[in-house]
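Take a look at the letters that make up each chain.
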Amino acid sequence: MSDDIHFYEPAHGHGLPHDPFNAIVGPRPIGWIATRSNAGALNLAPYSFFNAFNYTPPLIGFSSIGRKDTLRNIEENGEFVWNLATRPLAEAMNISCAAAPPEVDEFALAGLTPVASRMVQVPRVGESPVAFECRRTQIIELQGLNGDGVGSWLVLGEVVGVHVARHLLVDGVYDTAGAAPILRAGGPADYFEITADSRFQMRRPAWP
Ligand SMILES: Cc1cc2nc3c(=O)[nH]c(=O)nc-3n(C[C@H](O)[C@H](O)[C@H](O)COP(=O)(O)O)c2cc1C
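The structure presented is a predicted model; accordingly, all values stated were derived computationally and were not measured.

1. Examining the site of the ligand
Here is step 1 of the chain: Around the ligand there are 18 residues in total, and Ala45, Phe49, Lys68, Asp69 and Thr70 lie nearest to it.
Here is step 2 of the chain: For the shell around the ligand, the residue count by class is 9 nonpolar, 6 polar and 3 charged.

2. Digging into the environment of Gln121
Here is step 1 of the chain: For Gln121, the location among the structural elements is in the loop between β7 (114-115) and β8 (124-125).
Here is step 2 of the chain: In this structure, the C-alpha to C-alpha distance between Gln121 and Gly40, residues 81 residues apart in sequence, is 9.7 Å.
Here is step 3 of the chain: Those residues in contact with Gln121, other than ones at most four positions away along the chain, are Arg36 and Glu79.

3. Thoughts on the sheet that holds strand β14 (residues 191-193)
Here is step 1 of the chain: Strand order across the open sheet formed by 3 strands is β1-β13-β14, with antiparallel pairing between neighbours. In this open sheet, the two strands that pair with only one neighbour each are β1 (28-29) and β14.
Here is step 2 of the chain: Inspection of the sheet shows strand β13 (residues 182-184) paired to β14 by 3 bridges, in the antiparallel sense. Bridging from a neighbouring strand, Ile182 pairs with Glu193 of β14.

4. Quick look at the UniProt feature "domain: Flavin reductase like" (unreviewed entry) in the protein
Here is step 1 of the chain: Annotation from UniProt places "domain: Flavin reductase like" (unreviewed entry) at residues 25-176.
Here is step 2 of the chain: Structurally, residues 25-176 is divided into 12% helix and 45% strand, and its ends, taken at the C-alpha atoms, are 21 Å apart.

5. A short note on helix α2 (residues 69-77)
Here is step 1 of the chain: Along α2, the residues that are buried comprise Asp69, Thr70, Leu71, Asn73 and Ile74.
Here is step 2 of the chain: Those residues of α2 that are buried are in contact with β2 (31-36), β3 (42-47), β5 (59-65), β6 (79-83), β9 (130-143) and β10 (149-164).
Here is step 3 of the chain: Positive phi shows up at Gly78, right after α2, with a value of about 75°.

What counts as what
Residues numbered from 1 in each chain as written. Predicted model: local features only at pLDDT ≥ 70, side-chain atom pairs only at ≥ 80, totals over all residues. Near = placed C-beta within 6 Å. Nonpolar A, V, L, I, M, F, W, Y, C, P; charged D, E, K, R; others polar. Helix = DSSP H or I, 4+ residues; strand = E, 2+ residues; numbered from the N terminus. Contact = placed C-beta atoms within 7 Å. Pairing = 2+ DSSP bridges. UniProt positions renumbered as here; feature names shortened; annotations may be inferred. Buried ≥ 20, exposed ≤ 12 C-beta atoms within 10 Å, placed from the backbone.

Structural data, given as structure tokens:
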């Protein structure tokens, strides 16, 4: 035991004014996910329990905490489009998280342009400089230690088409900071923006 360390077992509460979990595992990239219901309603929502999981084939995934429109649409037809959330699009991304009924089109709500995709029936966000067209590979209900489902679903998909704005390809190399991606941190409102001055480089050590 050390007085310098605050230790807690999450199952018994964190004992702090705010749960630090999201602030510690952060900032997280944002899965800004577009889907379409089989009835034709467009949907767009941000998911920060999001990441990439494999290179070949490229696999990405996000976690739906509870059953949401995005999850239902992907269960229905297996298609989604991930869009890069950037600093200029931050407010629109935030508007798109409104808990609107399934028939509400968050593209329209946020003033965004749905642009037809090439490989899937779901449009991408026209204003976003990068988009991945995806097809569902797995939907897994997450479990706690006791093996019970927790009512959250990990949705994984293979990237089958990639759109990158040419201005972000500098001599053919993707300019991460040039896109000004935003990431979600903790608390009710914290985000970070990636800028060129926060970059540092480090190569993997040779062995032996
Ligand atoms: C930055 C940000 C990140 C979010 N991350 C998640 C997440 O990882 N999982 C989740 O279930 N909801 C997350 N939400 C909330 C959803 O966006 C919100 O519930 C939304 O209404 C879901 O939309 P849908 O029902 O159209 O799928 C996030 C919201 C914001 C603003």
